[in-house]
Amino acid sequence: SFYCDSTIVDVTIVNPERDVNYFIYDSSLNKIISNQLEGQCNDSVMLKGAVVSPADVYLYANHTSAQTGKFLDTMASLSVHYSPVSGFWINDSLECLTNNVFYIYDSSNVLYDSIVNYYWSFGNGQTNLTRNAVYSYNDSGTYILQHVVKSSYGCSDTSSIYISVIHPPIIS
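Quick notes on the rules
Residues numbered from 1 in each chain as written. Predicted model: local features only at pLDDT ≥ 70, side-chain atom pairs only at ≥ 80, totals over all residues. Heavy atoms only, no water. Patch = residues over 30% accessible without salt bridge, like charges linked within 9 Å, V, L, I, M, F, W, Y side chains within 5 Å. Areas by Shrake-Rupley, 256 points an atom, 1.4 Å probe, with all protein chains shown as cover. Salt bridge = Lys/Arg side-chain N within 4 Å of Asp/Glu carboxyl O. Helix = DSSP H or I, 4+ residues; strand = E, 2+ residues; numbered from the N terminus. Pairing = 2+ DSSP bridges. Axes fitted to C-alpha atoms, helices over the stretch in contact; angles between N-to-C directions. Core = buried A, V, L, I, M, F, W, Y, C linked by side-chain atoms within 4.5 Å. Buried < 20%, exposed > 50% of the residue type's maximum accessible area, 1.4 Å probe, protein only. Phe/Tyr/Trp six-rings, centres within 6.5 Å; stacked < 30°, edge-to-face > 60°.

*Asks:* Would you explain a nonpolar patch on the surface in this entry?
*Replies:* Judged by side-chain polarity, Trp89, Tyr103, Tyr105 and Val134 come together as a nonpolar surface patch covering roughly 410 Å² of accessible area. One can find Trp89 in strand E9 (residues 88–90).

*Asks:* Would you mind showing me how to read the sheet that holds strand E11 (residues 102–106) here?
*Replies:* In sheet architecture, strand pairing relies on hydrogen bonds along the backbone and comes in two forms, parallel and antiparallel. Judged by pairing direction, the sheet is antiparallel, and its three strands sit side by side in the order E9-E11-E14 without closing on themselves. Single-partner strands in this sheet number two, and they are E9 and strand E14 (133–135). Going from strand to strand, the sheet's axes swing by 20° on average, the running direction of each strand aside. Bridging between E11 and E14 involves three bridges; their strand directions are antiparallel. Among the inter-strand pairings, Phe102 is bridged to a residue of E14, identified as Tyr135.

*Asks:* Would you explain the sheet that holds strand E10 (residues 94–96) in this entry?
*Replies:* Pairing is mixed in the open sheet, where five strands are placed in the order E10-E16-E15-E12-E13. Both edges of this open sheet fall to E10 and strand E13 (127–128), since each of them pairs with a single strand only. Relative to strand E16 (residues 156–166), strand E15 (residues 141–151) is paired through 10 bridges, and the arrangement is antiparallel. Note on E16: the bridge partner recorded for Gln146 is Ser160.

*Asks:* Quick question: what am I supposed to make of the nonpolar core here?
*Replies:* Ranked by size, the top nonpolar core spans 13 residues in total, and within it Phe102, Ile104, Trp120, Phe122, Tyr137 and Leu145 carry the most contacts. For this core, the secondary-structure elements that each account for two or more residues are E9, E11, E14, E15 and E16.

*Asks:* Would you take a moment to explain the packing of aromatic side chains for this structure?
*Replies:* Two descriptors summarise a pair of aromatic rings, namely the distance from one centre to the other and the angle between the planes of the rings. If you walk through the whole model with that rule in mind, you get seven aromatic pairs. With a centroid separation of 4.2 Å and 20° between ring planes, the pair formed by Tyr137 and Tyr143 is classed as stacked. Each of the two residues, Tyr137 as well as Tyr143, counts as buried. In textbook terms, an aromatic cluster arises when at least three aromatic residues are bridged by ring pairs, as seen for Phe102, Phe122, Tyr135, Tyr137 and Tyr143.

*Asks:* Just checking my understanding: could you explain the pairing of E11 for this structure?
*Replies:* Along any regular strand the residues' side chains alternate between the sheet's two faces. Side chains of E11 alternate between two faces, with Phe102, Ile104 and Asp106 buried and Tyr103 and Tyr105 left unburied. Of the pairings in the sheet, the one linking E9 to E11 comprises three bridges and is antiparallel in character. For Phe88, the partnering residue across the bridge sits in E11 and is Asp106.

*Asks:* Is there a simple way to think about the pairing of strand E12 (residues 115–121) in this case?
*Replies:* Bridge count for E12 against E15 is six bridges, and the pairing is antiparallel. Residue Asn117 lies in a different strand from E15, and its bridge partner there is Lys150. Inspection of the sheet shows E12 paired to E13 by two bridges, in the antiparallel sense. When the sheet's bridge partners are listed, Ser121 is paired in E13 with Thr127.

Structural data, given as structure tokens:
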């Protein structure tokens, strides 16, 4: 399994060994991020730890060997990937209802990965799945334009702004 940066690593160990201390270590921080068992049953152990950035994150099991009496470390690497950063720019955030057209351009990025899914929500129940969007509103109002991007590893990020569509001023 894999995790995204700035998330909680949630590990369940099935059929854990008795008298073994399990913990999660983040090498970028040079510290243990979970050394206490969040819960333990006879058939599983759960650990949780906050991962700040992609790095070498390991699951360790410490115990004393019955044969040698020595302290042993065993580990498994947990795959942690960069989350994308959702971003976009728009031609205007305020337009008159008559002939309104919003041109919306994606500016999202992600390190060492690619963005594979784009999602736009225009705040009125309408959505779009393209990288860039052109949209016109049928009614005046203030809408939340939301943009969600997802990387090939499944990491995602969301950004949003308010957009206003107003009736043209009446000149008397």
